[in-house]
Amino acid sequence: MATGSDLEATRRSRIILPLPTDILKPALAERSPLSSSSAFKPAQDLVSAKVAPDRPLVIVDVDEVLALFVEGFERFVGQHGFEMRFDKFALFQNVYRKGDDNHIDMLVGKTLFDDFFRDGSDHMDPAPGAAKALAHLSNRADVVILTNAPEHGRDERARWLKRHGMDYPLVINSGLKGPAAAHLAARTNRPSVFIDDMIPNLDSVATDAPKVGRFQMVADQRLRHMAPSKPHAHERIDDWDRLQAALENALF
Ligand SMILES: [Mg+2]
């Protein structure tokens, strides 16, 4: 794991430009905000995720939905000389070297982010009620976990989900989630729902798979009040007990 001073030395030519707001995940900024299912090439994990044609389908995000991602990331960066201040609904823009006035830049943030996905997930707790709700739903529906994570974090992420009682098919996505959600939902004749914390992903599903029910959940209590929402377009429920009831209503 790099230290703060090591990270300064990692500046190099690879630049990932963040969108100015609403971005918790660099993966989202790596692709155009315009989704296009026509150019979409499904990866093997998406193709092989089990979706029965006669069962409803739950497509669910991990970070800030099933997992308290930012809280875990805060613990992780805290061990390496950084601290988080929750000024905005963002990730790297809330990370500071301890005592500094200016937040870290994207390159330092991306290094921490990659390290966290490689070996930091033990710092992350599950969102309260998430595993129980999915267990109930999975009695009558298929569940597929659709997460934007770096590929090098796949095994660690799968282990974390299993350890916390959420051992469902895992699909690693990059960029907006509409095309992948459309691919999954097209395989069942029954209703599908999609749950995510990020408005760009929910908008993307509205465009590419408009029949899929959309629900926004922001699990972190400190980020909740800062998270943009569009309640007229995507139902917003930040509590898994209430969300489970709404999902059952939509699915069964
Ligand atoms: Mg998320």
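Residues numbered from 1 in each chain as written. Predicted model: local features only at pLDDT ≥ 70, side-chain atom pairs only at ≥ 80, totals over all residues.

Caption draft 1: Local environment of the overall build of the protein. Helix and strand counts for the protein stand at 11 helices and eight strands. Burial statistics for the protein: of 252 residues in total, 44% are counted as buried. Pairs at least 24 apart in sequence give 71% of the contacts found in the protein among residues at least 6 apart. (Helix = DSSP H or I, 4+ residues; strand = E, 2+ residues; numbered from the N terminus. Buried ≥ 20, exposed ≤ 12 C-beta atoms within 10 Å, placed from the backbone. Contact = placed C-beta atoms within 7 Å.)

Caption draft 2: Here's a closer look at the sheet that holds strand β5 (residues 170-173). Pairing in this open sheet of six strands is parallel, and the strands run β5-β4-β1-β6-β7-β8 from one edge to the other. Two strands lie at the open edges of the sheet, namely β5 and β8 (235-236), each paired on one side alone. Sheet topology places strand β6 (residues 192-196) next to strand β7 (residues 213-216); four bridges connect them, and they run parallel. Note that in β7 the partner of Ile195 across the bridge is Phe215. Contacting β4 (142-148) and β5, helix α7 (residues 154-163) runs over the sheet at an angle of about 140° to β5. Its contacts with the sheet place helix α9 (residues 199-208) against β6 and β7, and it is angled at close to 175° to β7. (Pairing = 2+ DSSP bridges. Axes fitted to C-alpha atoms, helices over the stretch in contact; angles between N-to-C directions.)

Caption draft 3: Structural detail: the nonpolar core. Counting 65 residues, the largest nonpolar core has Val58, Ile59, Val60, Val144, Val171 and Ala181 as its most contacted members. Here this core spans two domains, since at least three of its residues come from each of domain 1 (42-68 + 126-251) and domain 2 (70-123). Setting aside its immediate chain neighbours within four residues, Val60 contacts Val65, Leu66, Val143, Ile145, Leu146 and Ile195. (Core = buried A, V, L, I, M, F, W, Y, C linked by C-beta atoms within 7 Å. Domains from an automatic or database assignment.)

Caption draft 4: Fine view of the packing of helix α6 (residues 130-137) against helix α11 (residues 240-251). Packing of α6 against α11 leaves a shortest axis separation of 9 Å and a crossing angle of 20°. It follows that α6 is roughly parallel to α11 by the angle criterion. Judged by the sense of rotation from one axis to the other, the crossing of α6 with α11 is right-handed. In contact with Ala130, Ala133, His136 and Leu137 of α6, α11 contributes Trp240, Leu243, Gln244 and Leu247. (Parallel < 35°, antiparallel > 145°, perpendicular 65-115°, else oblique. Left-handed = near helix turned anticlockwise from the far one by under 90°.)

Caption draft 5: Inspection of unusual backbone geometry at higher detail. Unlike most non-glycine residues, Glu64 shows phi in positive territory, near 70°. As for its position among the elements, Glu64 is in the loop between β1 (57-60) and α4 (69-78).

Caption draft 6: Focus on helix α5 (residues 106-119). Between its terminal C-alpha atoms α5 stretches 20 Å, which fits the 20 Å expected from 14 residues at 1.5 Å a residue. Within α5, burial applies to Val108, Gly109, Lys110, Leu112, Phe113 and Phe116. (Expected span 1.5 Å × (residues − 1).)

Caption draft 7: Layout of the environment of Asn173. Along the chain, Asn173 turns up in strand β5. Remark: the alpha-carbon pair of Asn173 and Asn148, spanning 25 residues in sequence, is separated by 4.8 Å. When near neighbours in sequence (up to four residues on either side) are disregarded, Asn173 contacts Leu146, Thr147, Asn148 and Ala180.

Caption draft 8: Focus on the confidence of the model for the protein. Put simply, the protein has an average pLDDT of 88, and 85% of its residues get 70 or more. Predicted confidence for residues 29-35 stays below pLDDT 50, and this span has 18 contacts to residues more than four positions away or in other chains. (pLDDT = per-residue confidence, 0-100.)

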